[in-house]
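# Analysis of the macromolecular model
One-letter residues, chain by chain:
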Amino acid sequence: MHPLKVERELRGWSQAKVAEVIGTSIRTVMRWELGQALPQPYYREQLCALFGKNARELGLLTDADPQEIVAPLAVLEKSASYLTDHTIPVSLGNSSSLFGRGALLEQLKQRLERGSGQVALQGLPGAGKTTLAVALTQDLDIQEYFKDGILWAGLGSNPDVLGQLARWAKLLDIKPQEVENAASISAWRQALRAAIGKRRMLLVVDDVWRVEDALAMQVGGPNCVHIITTRLPQVGYAFAAEGMVNVAELEETEGIALLARFVPQLVQQDIEGARALVQAVGALPLAITLMGKYLAAQSFAGQPRRLQNAIKLLQDRRQSLQLAVPVTPEELSPGLPEHTPLSLQASIAISEQRLSAEEREALSALAVFPAKPNCFSEEAALAVSGAPEAVLDTLWDAGLLETSGPGRYTLHQTVASYAGQHTGQEARRRMARYMVEYTREHAEDFDSLEQEMVNILAALDCAGELEMEQELFQGVDSLLLFMRVRGLYVKAGHYLKMVLKLAEKTGDTARRINALCYLGSFAELRAEYHLADSYSREGLALARQSGQTYHMSKLLTTLGLVAANRKESSQAQSFFEEGLKMARLTGDKKQLCYLSSYLGRIFRIEGNYLKAYRLYQEGLDLAYQIEHHEGTSCLLSNLAYVTAIFGNFKQAEEYNQEGLQVAERIGHRELLTLHHNIAGILALYQKKYQEARSHFEIALELARYIANQHMICNQLSNLGLSNLNLGNYAQAEAYLMEGINLARTINYPRAHIDMLMCLGGIAEQQENQTRARQLRQEGLGLMNSLDANGMVRYTTREWGELRPNYQQLERETNEFYEILTVNTKIRTDDVNSIEINQVENPVLNWPLHLDLEDQLEGRLLQDSIAI
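Residues numbered from 1 in each chain as written. Predicted model: local features only at pLDDT ≥ 70, side-chain atom pairs only at ≥ 80, totals over all residues. Heavy atoms only, no water.

Turning our attention to the overall build of the protein. On a plain count of helices and strands, the protein comes out with 45 helices and eleven strands. Taken across its 867 residues, the protein has 58% of its residues classed as buried. If you take every contact in the protein between residues at least 6 apart in sequence, the share linking residues at least 24 apart comes to 69%. Accessible surface, the protein: about 36100 Å² in total, of which carbon and sulfur atoms supply 48%. (Helix = DSSP H or I, 4+ residues; strand = E, 2+ residues; numbered from the N terminus. Buried < 20%, exposed > 50% of the residue type's maximum accessible area, 1.4 Å probe, protein only. Contact = heavy atoms within 4.5 Å. Areas by Shrake-Rupley, 256 points an atom, 1.4 Å probe, with all protein chains shown as cover.)

Next comes the structure, spelled out in structure tokens:
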């Protein structure tokens, strides 16, 4: 049995699997295993890497010449008339340079074997077009199909078409005297067509810059296939409209795997660092290969310091562009001068040098836009470049500007890095002005803002760095509502700090107050209560001095929310009531709507659910009246909570579903988190555990997006309980341990207690009574830090709902009363604070396993105001 087959079967692999991995056909693998043919060097290298064996061990060398790379038997058996062009750069067809192209190679093989007359491989410099073409010429199946031979020619930007045709003629034994006019391209073409006749041949022309040159080299007969490689899309399309194949950059995972071939230790030890390097060059194969070789050389000494220094150097994109390696003349692109080291800088420069001064300036200006996968509109491109539409067309024709859908363009990372070396401040100013005006015009068109968000943020960065005051202030102001609704709290904080810094520098007190107002609000949304308190108090002091009633109401509201989250109910109520007075003075209906909800929350925390319900209903009526969608959705979430407390779960679900629909319509990520959380809890109560888990998973994803640590903690706890009830103990414990670590970090004892209790439930189910009791005792210790109502809620829920399931009633009942007596502040009527005579079937111990006001706080967003 052939050694290759032995190794394959030892691993339980099929011939189809091996063929798929290395990019060939099952038939070819079968022939190798039968000894009917030997793989070409490229495939031999792939097989050795795949099986971890050398060529001798896999039976891939002949006895006659064991030390040298030999041609496959199929080649040795070819007829004397078979033509092989020795200018084919076979060294390019190695496993590293072709990595990640197996599927594309197989697709191209199938196309060629169908007899497609023309094929054009088009792509960026360094995408691997030439490498693919070489791999096709070396493929055993392709060589067998094109039984009369393969011709190769490299043209470049200054081609010698006549010389290449004459060289082909020599290979076909055509003597110059047989050509009617040796100085005529047409004459050589006629002679070549006559000599080739009905032969089945593959003709490859590399690095074509003009379609006329490609057509001049099209000398094969009806049984031939012509391939060109080009960086210019219009050349590829003109030559082979139906046979044009885009050779794109690699997928990110493939790019990382390619880098690992050179520096496996980097990928193993710092996957994020490796990913950043691959992203910086847009996963372009040539760029990754150059980086890989450079890093491998630096790591050869075995000193980690040298590798780390090399990585830092490559983080400067200009350095990665200039990385160069010497190559053989055969490997050098036809467009580069002989003995020129191969680099991205040199390769892209060939294209740029063919542009006019106006076109080069426009390309540099477009580099202010963030690179691919980001894209930008044609209108923005024209405004920023200051060039006419024809210049954009030229840049596209040159293969430097890519299309990204109708009316949109993108720049590859390497092209953007190259062009960005010459970008001036005026282009950055034009971008800031254009994108800020676009943001102002589309302030309430969230879909348009979403599409342009990367460009808008880049424009704000330009405005901040260039101290363009009006553009920065106006841009941030126009974006705040969108950032709130879409949960971009961290980004909002970043740009508000820029506004604050510039306002302080220019002495603009009004803008300073407004920036502090919003910094406090967004910090509270991120659950960073210390920062929210600090910003709001500073802003409130300035607002009182300036008599800015409108801002005072906003700042007092944020301070009230901070106090409420800290369980300082009386302080929160004081802030809210003062804020309410200010809102009435200014006639701000939205603010009145918010404060009705916030005051309702205070009554809810105190257990006065009916009063909270009335305030929520009043706020909802006002929200409907003024068509305030955020307020409507959030108040519906509050009403869903209180209605469930009253025991009317059907009504609670209706409120929540209506609120969810409103939140979806406006794309409000925080409200979507709240509504999915409520839906999950309602499903949990009704023992619909799969449905509950689905809602909590969505809520967790949203909470992570908006970076609210408390919400993340809540959802981890929810998912822990859901999976516990589904019997998925390992998954439940994973969520709970992540949640407990986060709760410790952010000092969130209520969620911490719940998760400890849930872990205790897992221990009970696994009959680990010792661990279960330890976890309950740890939770008991944390309970002492809670307020009286919180104590009652936890004890009634955890010991009244969970413990009976474990059939340890007597012991758990004793623990229940022990906890009730720990805090002397607890009053008997705390447990009966609902006005029972007005409520049918009230439910005190609704089994929400997390702190209710933290999960369903119904926080409304404050309206955006001018900076």
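Here the narrative resumes.
What follows deals with the pattern of salt bridges. On inspection of all chains with the given rule, the structure shows 31 salt bridges. Arg275 is paired through a salt bridge with Glu252; the nearest N and O atoms lie 2.7 Å apart. Highlighted residues: Arg275 in helix H15 (residues 271-280) and Glu252 in helix H13 (residues 252-262), separated in sequence by 23 residues. Residue Arg275 is classed as partly exposed on the basis of its relative accessible area, which comes to 22%. With a closest N to O distance of 2.9 Å, Arg537 and Asp533 form a salt bridge. (Salt bridge = Lys/Arg side-chain N within 4 Å of Asp/Glu carboxyl O.)

Right, let's get into the environment of Asn708. Take Asn708: it is sitting in the loop between helix H38 (689-706) and helix H39 (709-725). Separated by 219 residues in sequence, Asn708 and Tyr489 have C-alpha atoms that sit 8.6 Å apart. A polar contact is formed between the side chain of Asn708 and the backbone oxygen of Leu525, at a distance of 2.5 Å. (Polar contact = N/O pair within 3.5 Å; in protein donor to acceptor, adjacent residues only side chain to side chain.)

Attention now goes to the packing of helix H20 (residues 357-366) against helix H21 (residues 378-385). Viewed as axis vectors pointing N to C, H20 and H21 meet at an angle of 115 degrees, and their least axial separation amounts to 9 Å. Considering the relative orientation of H20 and H21, their crossing is right-handed. Of the residues in H21, those in contact with Ala362, Ala365 and Leu366 of H20 are Ala381, Val384 and Ser385. Each residue belonging to the contact of H20 with H21 can be placed in one class, and the counts come to five nonpolar, one polar and no charged. (Axes fitted to C-alpha atoms, helices over the stretch in contact; angles between N-to-C directions. Left-handed = near helix turned anticlockwise from the far one by under 90°. Nonpolar A, V, L, I, M, F, W, Y, C, P; charged D, E, K, R; others polar.)

Buried within helix H1 (residues 3-10) are the following residues: Leu4, Glu7 and Arg8. All buried residues of H1 lie within an arc of 100 degrees about the axis, which places them on one face of the element. With its phi angle positive at about 70 degrees, Gly12 sits one or two positions after the end of H1. (Arc of directions from axis to C-beta.)

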